[in-house]
Amino acid sequence: MSKKTLIIGAGGVGNVVAFKCAMNTNSFGDITLASRTISKCEKIALNIKEKIGISINTASINADIVDDLVELINKLEADIVINVALPYQDLTIMDACIKTKVDYLDTANYEHPDSAKFEYKEQWARDDKFKESNIMGLLGSGFDPGVTNLFCAYAQKHYFDEIHTIDILDCNDGDHGYPFATNFNPEINLREVSANGRYWENGKWIETKPMEIKKVWDYPEVGERDSYLLYHEEMESLIKHIKGLKRIRFFMTFGESYLTHLKCLENVGMLGIKEVEHNGCKIVPMQFLATLLPDPASLGERTKGKTNIGIVAKGIKNGKEKSIYIYQVSDHEKCYDEVMSQGVSYTTGVPAMIGAKLILDGIWSGKGVFNIEQLDPDPFMKELNSQGLAWQVRELES
Ligand code: NDP
């Protein structure tokens, strides 16, 4: 019987997921894209129809309301819900999946709108309920988290007896021509990069000031770029699932101009997430800033350059030290040609589609809540190569 797929969130990533699911209708069957603003869903549906000739359905939903989600999921008889709305909606959508006994997938871990702290605790706490409902919850099926976790799992499975250190290296070398813009949701992005950094070593988290640790990394097909240590959510699950790990860090590239803008915005209070009084009304500075910045979904057409995201793992195989670099390079313009989105949305949306495809095809299964590295990396790594995200492995000098 044909499957039914519900995608929630019609932003940059939702656009890519909808396109890629429509390109794989054998797995996804009847596709519905739902979001708060239905006109965004309709625009994406029209683009898909015009570009690849496939029709998808659209719906309006406020994903903060569990009862509304339950009603929509039941009405559509969905087999899976792909959550690419914002991290704030993770828990309500998970709860609706528990109530309707439908598999769940997301790309970013839960964050409360009032505290810029993201962690898996509340999503992991739903493991028993997912098990009781006989359903699978797949957490973090984007690029980072997502593909980076699977690169680690793949390295562990095929290259190492023990991995001792992992550096996750995220380079977006795209240029959109604006003085300042973010490549995915501005609020989520700016909360992430303005927070203190953190890495994990010898069983402990070590906190750093924002952008305190810099390393120059040579990214294949891009070149040498300044890369700054940030906290990133995949580290929280990888320290549980990678054997023998002694240290894990995450680095992201930022140019001088981006950092100068960020510092100015921070200095004048525009990154604040608490309400302030303005002319008799209450506003959240960060949300106001997000309103002023270019919509990430609109960057696609104008972004040029490449992304390169990967991991460097060092460890032991057959008693000898070794080191490998697994990475993926995407070209913003090629992404736009294929699905009308820039590379950051593309590299997130394609893995979301692949995770859901493996669940719907019955290749990945399980009851409960899983981080993606707990599943067999091989079928996913194979799909990456055929769905637009071909990757490379390099053995490095140890
Ligand atoms: P956008 O802001 O472009 O899109 C988010 C969409 O979610 C919007 O269309 C918005 O609604 C919709 N939405 C927000 N609140 C609700 C709600 N209450 N009910 C229904 N819909 C809602 O973000 P992106 O597409 O850039 O990012 C999507 C997700 O992907 C985020 O969670 C982000 O953190 C994650 N991400 C993950 C990455 C990874 O590698 N793992 C990398 C990049 C992003 P509306 O219809 O009103 O516009």
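Heads up: these notes are all about the structure in this document. Since the model is a prediction, treat every value here as computed from it, not as a measurement. (Residues numbered from 1 in each chain as written. Predicted model: local features only at pLDDT ≥ 70, side-chain atom pairs only at ≥ 80, totals over all residues. Heavy atoms only, no water.)

Observations concerning the environment of Phe380
With respect to the helices and strands, the residue Phe380 is situated in helix α15 (residues 377-386). Judged by relative accessible area, Phe380 falls into the buried class, the value being 0%. Not counting the four nearest positions on each side in its chain, Phe380 is found in contact with Ser141, Val147, Leu150, Pro351, Ile354, Gly355, Leu358, Trp364 and Ile372. (Helix = DSSP H or I, 4+ residues; strand = E, 2+ residues; numbered from the N terminus. Buried < 20%, exposed > 50% of the residue type's maximum accessible area, 1.4 Å probe, protein only. Contact = heavy atoms within 4.5 Å.)

Some words on the site of the ligand
Neighbouring the ligand are 28 residues, the closest being Ser35, Thr37, Lys40, Ala63 and Asn185. The contact in question runs from an oxygen atom of the ligand to an N or O atom on the side chain of Thr37, over 2.6 Å. Here Ala63 contributes a backbone N or O atom positioned 2.8 Å from a nitrogen atom of the ligand. Here the residues of the shell around the ligand are counted per class, giving 13 nonpolar, 11 polar and four charged. (Near = heavy atom within 4 Å. Polar contact = N/O pair within 3.5 Å; in protein donor to acceptor, adjacent residues only side chain to side chain. Nonpolar A, V, L, I, M, F, W, Y, C, P; charged D, E, K, R; others polar.)

Focus: the packing of aromatic side chains
On inspection of all chains with the given rule, the structure shows 13 aromatic pairs. Between the aromatic rings of Tyr154 and Tyr159, the centroid separation amounts to 6.3 Å while the plane-to-plane angle is 55°, which identifies the pairing as tilted. Just as Tyr154 is buried, Tyr159 falls in that class too. An aromatic cluster of at least three residues, connected via ring pairs, comprises Phe180, Tyr228, Phe254 and Tyr258. Directly above the aromatic system of Trp205 lies the positively charged group of Arg198, at a separation of 5.3 Å from the ring centroid. (Phe/Tyr/Trp six-rings, centres within 6.5 Å; stacked < 30°, edge-to-face > 60°. Lys NZ or Arg CZ within 6 Å of the ring centre and 35° of its normal.)

Points about the nonpolar core
Counting residues in each nonpolar core, the largest one holds 87 residues, and the members touching the most others are Ile166, Leu190 and Trp364. Considering each element in turn, this core owes the most residues, nine residues, to helix α14 (residues 343-360). Here Leu190 is in contact with Phe180, Thr182, Tyr258, Leu262, Leu271, Met286, Leu289 and Leu293, once residues within four sequence places are set aside. The next biggest cluster of nonpolar side chains, apart from the first, holds 25 residues, and it includes Ala34, Ala63, Val66 and Tyr120. (Core = buried A, V, L, I, M, F, W, Y, C linked by side-chain atoms within 4.5 Å.)

Here we look at helix α9 (residues 186-194)
Among the nine residues of α9, nine are classified as buried, and the element is accordingly described as predominantly covered. Restricting attention to buried positions, one finds in α9 the residues Pro186, Glu187, Ile188, Asn189, Leu190, Arg191, Glu192, Val193 and Ser194. One side-chain oxygen at the N-terminal end of α9 lies 3.2 Å from the backbone nitrogen of Glu187; it belongs to Asn185.

Comments concerning the environment of Val312
Within the secondary structure layout, Val312 lies in strand β17 (residues 306-317). The exposure class of Val312 is buried, given its relative accessible area of 5%. Excluding residues within four positions of it along the chain, Val312 makes contact with Thr165, Ile166, Asp167, Leu169, Trp217, Ser323, Ile324, Tyr325 and Leu396.

Notes on the sheet that holds strand β3 (residues 57-60)
Pairing in this open sheet of seven strands is parallel, and the strands run β3-β2-β1-β4-β5-β8-β19 from one edge to the other. Because the sheet does not close on itself, it has two edges, and the strands there are β3 and β19 (368-371). Put simply, the sheet's adjacent strands are angled 20° from each other on average, direction ignored. Of the pairings in the sheet, the one linking strand β1 (residues 4-8) to strand β4 (residues 80-83) comprises four bridges and is parallel in character. Across the sheet, Leu6 pairs through a bridge with Val81, a residue of β4. Together, β2 (30-35) and β3 form the strand contacts of helix α3 (residues 38-52), whose direction differs from that of β3 by roughly 170°. (Pairing = 2+ DSSP bridges. Axes fitted to C-alpha atoms, helices over the stretch in contact; angles between N-to-C directions.)

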